[in-house]
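Each chain, written out:
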Amino acid sequence: MADETAKGTAGFLMEMGMLKRAKRSGWWIAGIKDPETIAEHSFRAALIASVLAMMEGADPAKAALLGLWHDTQETRVSDIPHIGRRYLDAASNEKVTADQVSAAHPAVRSGAQKIVEEYEQGDSLEVICAHDADKLECLIQAVEYREQGCANVQGWIDSSVSKLKTASAQELAEAALTMTSVEWQKVYLP
């Protein structure tokens, strides 16, 4: 029989699989019938965090790690749209993470809690890049949904742009807003 902390750690990893099925519910407000999953958002946010960190002279691996963990709590509390937060008193992400990893290997418990606490409370350049990545990913997703015919995404774009802190994120947002989602191919195709 597996060690109890191995079962707790494996259980946490299985729980994270829910992020591949859970939709980002805020997009339903904009009229998106089949929005991206939380895992899809988190993947691109982590990648963007690493890119922003490279551009800003920060540690890209650390920024990506912060970005990867930033929504892991949504297996327990779901993706609550901002309008819904007016009516709910949700547990802190730190508390949710502590519960999620409570049966995991001690190093996993400690490491996960440190990562989430840093994302939520820290002020390092890596944290700023990870927060900017979350907003920039939302902006890029909104641009893609707008291309697919959803006209109700401008609020997400405006909100995302207004929250960007780094010059690199602002520059990439400006560029993304002038492009189509398939324009990148022009570099490689004649």
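Residues numbered from 1 in each chain as written. Predicted model: local features only at pLDDT ≥ 70, side-chain atom pairs only at ≥ 80, totals over all residues. Heavy atoms only, no water.

> An account of the packing of aromatic side chains is needed here, citing residue identities and associated values.
Tallied over the full model, the rule gives three aromatic pairs. Relative to Trp-69, the ring of Phe-12 has its centre 5.7 Å away and its plane inclined at 15°; by these criteria the two rings are stacked. Highlighted residues: Phe-12 in helix H1 (residues 4–16) and Trp-69 in helix H4 (residues 60–69), separated in sequence by 57 residues. In this structure Phe-12 comes out as buried when scored by relative accessible area, which is 5%. Seen in terms of ring centroids, Trp-27 and Trp-156 are 5.4 Å apart; in terms of plane orientation they differ by 25°. Their pairing is stacked. (Phe/Tyr/Trp six-rings, centres within 6.5 Å; stacked < 30°, edge-to-face > 60°. Helix = DSSP H or I, 4+ residues; strand = E, 2+ residues; numbered from the N terminus. Buried < 20%, exposed > 50% of the residue type's maximum accessible area, 1.4 Å probe, protein only.)

> Break down the pattern of salt bridges for me, citing the residues and quoting the values.
Applying the stated criterion to the full structure yields eight salt bridges. Among the ionic pairs, Glu-118 bridges to Lys-62, the shortest N-O distance being 2.9 Å. In this pair, Glu-118 is assigned in helix H7 (residues 106–121) and Lys-62 in helix H4, connecting sequence segments 56 residues apart. By relative accessible area, Glu-118 is classed as partly exposed at 23%. (Salt bridge = Lys/Arg side-chain N within 4 Å of Asp/Glu carboxyl O.)

> Please provide a residue-by-residue account of helix H6 (residues 93–100), values included.
Every buried residue of H6 is listed here: Val-96, Thr-97 and Gln-100. The buried side chains of H6 occupy one side of the element, clustering within an arc of 100° when seen end-on. On the buried face of H6, the contacting elements are H1, helix H5 (74–77) and H7. (Arc of directions from axis to C-beta. Contact = heavy atoms within 4.5 Å.)

> Now, about the layout of surface pockets: what can you tell me, with residues and values included?
If you add up the space inside the largest pocket, you get close to 980 Å³. Taken together, 37 residues line the largest pocket, and the ones lying closest to its centre are Ile-80, His-82, Arg-85, Asp-134 and Lys-135. Elements represented by at least two residues in the lining of the largest pocket include exactly helix H2 (26–29), H5, H7, helix H8 (125–147) and helix H9 (154–163). In terms of residues, the lining of the largest pocket owes the most to one element, H8, which gives seven residues. Looking at side-chain class alone, the lining of the largest pocket contains 14 nonpolar, twelve polar and eleven charged residues. Of the volumes computed, that of the second largest pocket is approximately 380 Å³. Sorting the residues of the lining of the second largest pocket by element identifies helix H3 (38–56), H8 and helix H10 (167–176) as the ones contributing at least two each. Here the element with the most residues in the lining of the second largest pocket is H8; it accounts for four residues. A class-by-class count of the residues in the lining of the second largest pocket yields ten nonpolar, two polar and two charged. (1 Å grid on protein atoms, 1.4 Å probe; cavity = no way out; pocket = protein on both sides within 12 Å on 5 of 7 lines; lining within 4 Å. Points joined across faces, edges and corners; volume = space filled by probe spheres on them. Nonpolar A, V, L, I, M, F, W, Y, C, P; charged D, E, K, R; others polar.)

> Hey, could you go over a nonpolar patch on the surface for me, with residue numbers and the actual values?
Taken together, the side chains of Val-182, Trp-184, Val-187, Tyr-188 and Leu-189 make up a nonpolar region of the molecular surface, amounting to roughly 610 Å² of accessible area. Inspection of the secondary structure puts Val-187 in the segment after H10. (Patch = residues over 30% accessible without salt bridge, like charges linked within 9 Å, V, L, I, M, F, W, Y side chains within 5 Å. Areas by Shrake-Rupley, 256 points an atom, 1.4 Å probe, with all protein chains shown as cover.)

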